[in-house]
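Fold and geometry: a report
Read off the chains here:
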Amino acid sequence: MSTATVTSAYPRAVADLLPAVRDLADRLGEIPSRNQIMREFKVGAPKAQAVRLALVAEPITLPDETETAPTSDPWDYAEPAPVPPALPVDTTPVPLILPAEKVTEPSPLVEHDGHPQANTETTPGKSQVRRLAAWPVVLIALPAFVAIWSGWVGLGGLTGFGVVHPLPGIADGFSLNTAITLPIGVEVYAAYALRAWLSGLVPPRARWFAKWSAIGSLMVGALGQVAYHLLVAAGITSAPWWITTLVACLPVAVLGMAAALAHLSHEEG
């Protein structure tokens, strides 16, 4: 398709150029761009843009309707607006003003080790949490200590435990009754293992070991008391060999269980 080239349309007005641009649009089948108008009619960019916008804004008459409507949105064909030159950037350093540091007061409910402290204040509608008093345990333990101590010391005397001189040549006058090793070893370990089991402060394997060794120590302690009282009631002054054998092994067994529990307590959970 060839178009008639106009040698010069300058300085024709927009109204004079509009019919010729309209004819060019009919031949092209679309609204020409600004560059096509400039090249075809030898006009500048402002006038070409003005003619094009005037052509786009013209209403068209539809065949079946008497009302007119614009062919399309003028902004669909509008050329991008020129970008204004960038403003000079101010490179003057701006002083940085920091806000005053806010001093936070430590919470009264947090202890020095980072763990929350129990709230001891009474809240309306809620019962105040109180710890169980420990002094009744002391009253219960005093008579039990006397009975257990005398029973183990008496059983130790029946099984060969007695007075020894642990420092011969150094302190010949110093003597020690080895029967006291039985109540100290067995009963103290039972209390220690019971604490490790119920406190929840040890790893799972150590807690399992503490549970069963505490139960076993308490049962051995009970059997030792039963054995002593039965022997005394029967008038026996020397325990049978199998009781002597079991009682003699108790210090070694207690030492092994205590060392194992201490080792397991330092394992990674």
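Anything mentioned here points back to the structure above.
Keep in mind that this is a model prediction, so the values were computed, not measured. (Residues numbered from 1 in each chain as written. Predicted model: local features only at pLDDT ≥ 70, side-chain atom pairs only at ≥ 80, totals over all residues. Heavy atoms only, no water.)

1. So, unusual backbone geometry
This is how it is decided: Per the convention used, a helix needs a DSSP run of H or I reaching at least four residues, while a strand needs a run of E reaching at least two, with both numbered from the N terminus.
Although it is not a glycine, Lys42 adopts a positive phi angle of roughly 55°. Assignment of secondary structure puts Lys42 in the loop between helix 2 (34-41) and helix 3 (45-57).

2. Description of the nonpolar core
Across soluble globular proteins, you tend to see nonpolar side chains buried next to one another. Stated formally: The nonpolar core is taken to be a set of buried Ala, Val, Leu, Ile, Met, Phe, Trp, Tyr and Cys residues, with the residues joined through side-chain atoms within 4.5 Å. Exposure is judged per residue with a 1.4 Å probe applied to protein chains only, and the accessible area is read against the type maximum: over 50% gives exposed, under 20% gives buried, and values in between give partly exposed. Note on definitions: a residue-residue contact is assigned when non-hydrogen atoms from the two residues lie within 4.5 Å.
By size, the foremost hydrophobic cluster in this structure holds 23 residues, and its most contacted members are Leu155 and Leu261. Looking at this core, the elements that each hand over two or more residues are helix 5 (135-158), helix 6 (181-199), helix 7 (204-233) and helix 8 (241-265). The dominant element in this core, judged by the number of residues it contributes, is helix 8, at six residues. Sequence-distant contacts of Leu261, that is, excluding residues within four places in its chain, are made with Tyr189, Tyr192, Ala193, Ala196, Ala206, Phe209 and Ala210. Among the nonpolar cores identified, the runner-up in size contains eleven residues, and Ile37, Phe41, Val43 and Val51 belong to it.

3. Here we look at the packing of helix 1 (residues 14-28) against helix 3
For clarity, the threshold we go by: Lines fitted to the C-alpha atoms define the axes, with helices restricted to the stretch that makes contact. Angles between their N-to-C directions range from 0 to 180 degrees. Throughout, the term roughly parallel applies to angles under 35 degrees, roughly antiparallel to angles over 145, roughly perpendicular to angles from 65 to 115, and oblique to all others. The crossing is said to be left-handed when, going from far helix to near helix, the turn is anticlockwise and less than a right angle, and right-handed when the turn is clockwise. Polarity classes work like this: nonpolar for Ala, Val, Leu, Ile, Met, Phe, Trp, Tyr, Cys and Pro, charged for Asp, Glu, Lys and Arg, and polar for all others, with Gly in that last group.
Close contact between helix 1 and helix 3 brings their axes to 9 Å; oriented N to C, the two are set at 65°. Classed by the angle they form, the pair helix 1 and helix 3 counts as roughly perpendicular. Classified by chirality, the crossing of helix 3 by helix 1 is right-handed. Within the contact between the two elements, helix 1 uses Val14, Leu17, Leu18, Val21, Arg22 and Ala25 and helix 3 uses Lys47, Ala50, Val51, Ala54 and Leu55. When the residues that make up the contact of helix 1 with helix 3 are grouped by side-chain class, the tally is nine nonpolar, no polar and two charged.

4. Notes on the packing of aromatic side chains
Stated precisely, the cut-off is as follows: Two aromatic rings, drawn from Phe, Tyr or Trp (for Trp, its six-membered ring), form a pair once their centres lie within 6.5 Å of each other, and the interplanar angle then sorts them: stacked below 30 degrees, edge-to-face above 60, tilted otherwise.
For the structure on display, the rule yields one aromatic pair. Here the aromatic rings of Phe145 and Trp149 are separated by 5.5 Å at their centres, their planes lie at 40°, and the arrangement is tilted. Taken together, the residues Phe145 and Trp149, both in helix 5 and four residues apart, mark about one turn of the helix. Trp149 gets classed as partly exposed once you look at its relative accessible area, which sits at 30%.

5. Quick look at helix 7
The cut-off we apply is this: Expected span of a helix, by definition, is 1.5 Å for each gap between consecutive residues, and there is one gap fewer than residues.
The terminal C-alpha atoms of helix 7 lie 44 Å apart, and with 30 residues this matches the ideal 44 Å at 1.5 Å per residue to within 8%. Inspection of helix 7 places Ala206, Ala210, Ser213, Ala214, Ser217, Gly221, Gly224, Gln225, Ala227, Tyr228 and Leu231 among the buried residues, and these make up the whole buried set. In this structure, the buried residues of helix 7 make contact with helix 5, helix 6 and helix 8. Two residues or fewer past helix 7, Gly235 is found with a positive phi of approximately 75°.

6. Concerning the side chain of Thr159
Topologically, Thr159 is positioned in the loop between helix 5 and strand 3 (163-164). Thr159 has contacts with Ala239, Ile243, Thr244 and Val247, leaving out every residue within four places of it along the chain.

7. Side note on the environment of Asp16
Mapped onto the elements of the fold, Asp16 is located in helix 1. Residues Asp16 and Val51, 35 residues apart in the sequence, show an inter-C-alpha distance of 9.5 Å.

8. Looking at the packing of helix 7 against helix 8
Interaxial distance between helix 7 and helix 8 falls to 11 Å at its minimum, and their mutual angle equals 160°. Relative to helix 8, the element helix 7 lies roughly antiparallel. As for how helix 7 packs across helix 8, the hand of that crossing is left-handed. Here Arg205, Ala206, Phe209, Ala210, Ser213, Ser217, Val220 and Leu231 of helix 7 lie close against helix 8, whose contacting residues are Ile243, Leu250, Met257, Ala260, Leu261, Leu264 and Ser265. Residue classes in the contact of helix 7 with helix 8 are distributed as eleven nonpolar, three polar and one charged.

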